[in-house]
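# Structure assessment
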Amino acid sequence: MQGLMQRTPLLLSSLITHAARNHAGREIVGRSVEGPVVRTNWGEVEGRAKRLANALARLGVREGERVATLAWNTQRHLELYFGAIGSGVVLHTINPRLFQAQIEYMLEHAEDQYIFFDLSFAALVSALAPRIKGVRGYIALTDRAHMPAIDLPNLLCYEELLAAESAQFSWPDLDENAASILCYTSGTTGNPKGVLYSHRALLLHSFCAAAADGLGLSCMDSVLTVVPLFHANAWGLPFAAAMCGAKLVFPGAELDGGSLFALTRDEACNVVAGVPTVWFGFFDYIDRNRDKLDLGVFHLDRALVGGSAAPRSLIARFDRDFGAFLLHAWGMTETSPIATIGRLLPKHAGLDREARYDIQAKQGRPVYGVEVRIVDDAGQELPRDGVAVGHLVVRGPWVTAGYFRGEGGVVVDAENWFDTGDVATIDSDGYVTLTDRAKDIIKSGGEWISSIALENAAIGHADVLEAAVIGIPHPKWVERPLLLIRCKEGKVVTRQDMRDFLADKVARWWLPDDVIIVEDLPHTATGKLSKATLRKLYANHQIAPESAPAAAP
Ligand code: ADP
């Protein structure tokens, strides 16, 4: 027997309709690429998104065709989210930090019809244009006065395009399984692969992201969205915020600690979201200007942090400086991205700070909708005892079923489990603790050493800004850990200091055989430590003779 309820399709356009009708005046604030902070609201975003939908139709972009963005987090990029997607056009958000060759590959592979770009990327677009055949035009995300002086065929001005159109548009009744956003994974091995989100997947994901045990969003919140709109849909924040009528605050191209500090303060942001590196810069700015800054005027309550492991020291900093709770989340482009989130359980009430930080340092528990488990090499499920370490596999309505155009072949097993490429433990409460990317694991004397756990321990040192651990070949133990650290400005940490510091924090046989102080550490286009680069750089590194030999596990 069928139920008798309405079969309203789960479309992302319903979010902007809701936000504009019920939270029209709630602000969207962003630093523009031209410089000034620009203020708009959900009502205006809807009007401009509809103008954009009309413009896309006039340009001849049809349902299901792709348009690309090379853009920062700004209100215009948000308009593209709703205007393109709402009208059935697929928005291909490109990470501009990728290599030019990868961007070229993605533009060709996606068959993008138009490229919308911020002024910061004018030179990049000029370099790409002669090499990309299928693109019909380029749209600079600016007004006439700021148009870049570049010579491109079919170069259009975004503000002129919108001004010429009506703000009346009826969002089409699409199939809820129709594609909405195309986002390529960064492709550290081989070509980037496209994850093609459906309306349904992202709408369901918004419910879970906004829910009380997710980000706990409401119209009272002001959300600093540092995580880029080109990185896994900014963790779904634009959609979840529209669902609740929350205020969105965008940093544009200014991602340094000082700019983020000012924006968080000035826009009374109580929720902030970004990868750990962003917050290292934020707190470094606070440390360097402590006597000039007043932290008492902040409203910060929650920091959503993921993308790489949030170290315990960062959790403590948010708590100590702002009384804010770091919500540690794990996910990937392939999971839309939120899969687990680090909320506490009733039994944790009354825990002292240190014990609470230990729980927050885990990657969290699965949100409703995503199932997770760990398996051994043969695919057998391993116990949820917090000890067994295995391959983390996931499934659910916002987990990918396969990559765009079938790249990578079949990526789920017969029961839809998707292998994340991560290695983890799951404890009896369901908290997932990531120990490594499978390819970054350090295999030493037949046992595994977690590079993430070692990095987290190292970064707990007051003078360390960032730490990376890689495995280097060893004649006896197969591999041994090498620790690279970047010290805070004006601070010096020696190898011996570091080994002494770590001695009571990790097992003796985990102690890095060598510690190297570096000026800078390489990062990937999504802000993660680039272990592949480090492995290449230190492939022939000789362990210093005075370093203690590793004890057998
Ligand atoms: P990329 O394109 O850089 O791979 P993703 O966001 O898809 O971008 O990367 C997903 C990966 O990031 C995960 O598989 C995991 O290895 C890592 N990751 C994400 N969140 C966390 C976290 N909270 N702790 C540790 N690693 C994380």
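Residues numbered from 1 in each chain as written. Predicted model: local features only at pLDDT ≥ 70, side-chain atom pairs only at ≥ 80, totals over all residues. Heavy atoms only, no water.

## Quick look at the site of the ligand
The local shell around the ligand holds 18 residues, among which Ala329, Thr333, Asp422, Arg437 and Thr526 are the closest. A distance of 2.8 Å is found between a nitrogen atom of the ligand and a backbone nitrogen or oxygen belonging to Ala329. The side chain of Thr526 places a nitrogen or oxygen atom 2.4 Å from an oxygen atom of the ligand. Contact with the protein chains covers 92% of the free accessible surface of the ligand, which is 570 Å². (Near = heavy atom within 4 Å. Polar contact = N/O pair within 3.5 Å; in protein donor to acceptor, adjacent residues only side chain to side chain. Areas by Shrake-Rupley, 256 points an atom, 1.4 Å probe, with all protein chains shown as cover.)

## What to know about the sheet that holds strand E16 (residues 365-366)
As summarised here, the arrangement of the nine strands in space is E2-E1-E11-E10-E12-E13-E14-E15-E16, forming an open sheet in which the pairing is mixed. Every interior strand has two partners, whereas the edge strands, strand E2 (37-41) and E16, have only one. When strand E10 (residues 222-225) meets strand E12 (residues 271-274), the two strands line up parallel, connected through three bridges. Among the inter-strand pairings, Thr225 is bridged to a residue of E12, identified as Ala273. (Pairing = 2+ DSSP bridges. Helix = DSSP H or I, 4+ residues; strand = E, 2+ residues; numbered from the N terminus.)

## Some points on the pairing of strand E24 (residues 478-487)
Within E24, seven of the 10 residues are buried, leaving the element largely enclosed by the surrounding structure. As defined by bridge partners, strand E23 (residues 464-474) adjoins E24 across 10 bridges and the pair is classed as antiparallel. Following the sheet pairing, Ala467 is matched in E24 by Ile485. Hairpin connection, E23 to E24: the antiparallel pair is bridged by three residues. Bridge count between E24 and strand E25 (residues 514-517): four bridges; the pairing is parallel. Counterpart to Leu482 in the pairing with E25 is Asp514. Viewed along the sheet, the connection from E24 through helix H14 (residues 495-502) into E25 turns out right-handed. (Buried < 20%, exposed > 50% of the residue type's maximum accessible area, 1.4 Å probe, protein only. Right-handed = clockwise from strand over helix to strand, strands pointing away.)

## A few points about the packing of helix H11 (residues 312-322) against helix H12 (residues 353-360)
Between H11 and H12, the least distance of the axes is 9 Å, while the angle of their chain directions is 125°. For the element pair H11 / H12, the angle class is oblique. In terms of crossing hand, the pair formed by H11 and H12 is right-handed. On H12, the residues touching Arg312, Ile315, Ala316 and Asp319 of H11 are Arg353, Glu354, Arg356, Tyr357, Asp358 and Gln360. Tallied by class, the residues present in the contact of H11 with H12 amount to three nonpolar, one polar and six charged. (Axes fitted to C-alpha atoms, helices over the stretch in contact; angles between N-to-C directions. Parallel < 35°, antiparallel > 145°, perpendicular 65-115°, else oblique. Left-handed = near helix turned anticlockwise from the far one by under 90°. Contact = heavy atoms within 4.5 Å. Nonpolar A, V, L, I, M, F, W, Y, C, P; charged D, E, K, R; others polar.)

## A look at helix H1 (residues 13-22)
Burial in H1 covers these residues: Ser13, Leu15, Ile16, Thr17, Ala19 and Ala20. The inward-facing, buried residues of H1 abut helix H2 (42-58), helix H3 (75-86), helix H7 (199-210) and helix H8 (237-244).

## Looking at the environment of Tyr403
Along the chain, the position of Tyr403 falls in the loop between strand E18 (390-395) and strand E19 (418-426). Look at Tyr403 and you get buried, because its relative accessible area is 10%. For the pair formed by Tyr403 and Leu182, sequence separation is 221 residues and the distance between their alpha carbons is 10.0 Å. If we skip the residues at most four places from it in the chain, Tyr403 touches Thr185, Lys193, Gly194, Val195, Glu334, Val411 and Phe418. A polar atom in the side chain of Tyr403 sits 2.6 Å from the side chain of Glu334.

## Focus on unusual backbone geometry
Cis geometry is found at the peptide bond from Ser336 to Pro337, where omega equals 5°. Relative to the helices and strands, Pro337 is located in the loop between strand E14 (325-331) and strand E15 (338-341). Residues other than glycine seldom take positive phi values, yet Ala234 does so here, at roughly 50°. Examined against the element boundaries, Ala234 turns out to sit in the loop between E10 and H8. Relative accessible area serves as the criterion here: at 0%, Ala234 is assigned to the buried category. Despite not being glycine, Asn416 shows a phi value in the positive range, around 75°. Overall, Asn416 belongs to the partly exposed group, its relative accessible area being 48%.

## Section: helix H10 (residues 276-289)
Here H10 contains 14 residues, and its C-alpha end-to-end distance of 20 Å stays within 8% of the 20 Å for a straight helix at 1.5 Å per residue. Buried within H10 we find Pro276, Val278, Trp279, Phe280, Phe282, Phe283, Asp284, Ile286 and Asn289. (Expected span 1.5 Å × (residues − 1).)

## A word on the domain arrangement of the chain
Put simply, an interface is often sized by how much accessible area is lost when its parts join up. Once the domains are mapped, the chain shows domain 1 (372-436) and domain 2 (442-547). The C-alpha centroid of domain 2 is placed 27 Å from the C-alpha centroid of domain 1. Listed by partner, the interface residues are five residues for domain 1 and six residues for domain 2. Both faces considered, domain 1 and domain 2 share a buried interface measuring about 410 Å² in area, 58% of it formed by carbon and sulfur atoms. Counting across the interface, domain 1 meets domain 2 through two residue pairs in polar contact (both at pLDDT 80 or more). A per-element tally of the side of domain 1 that touches domain 2 places strand E20 (residues 432-437) first, with three residues. (Domains from an automatic or database assignment. Buried area = accessible area lost by both parts, 1.4 Å probe.)

## Notes on the packing of aromatic side chains
In this structure the tally under the stated criterion is 17 aromatic pairs. Considering the side-chain rings of Trp72 and Phe121, the 5.2 Å spacing of their centres and the 35° angle between planes classify their relative orientation as tilted. Remark: Phe121 occurs in the loop between strand E5 (112-117) and helix H5 (122-128) and Trp72 occurs in the loop between strand E3 (66-70) and H3; sequence separation between them is 49 residues. Take Phe121: its relative accessible area is 8%, and that puts it in the buried class. (Phe/Tyr/Trp six-rings, centres within 6.5 Å; stacked < 30°, edge-to-face > 60°.)

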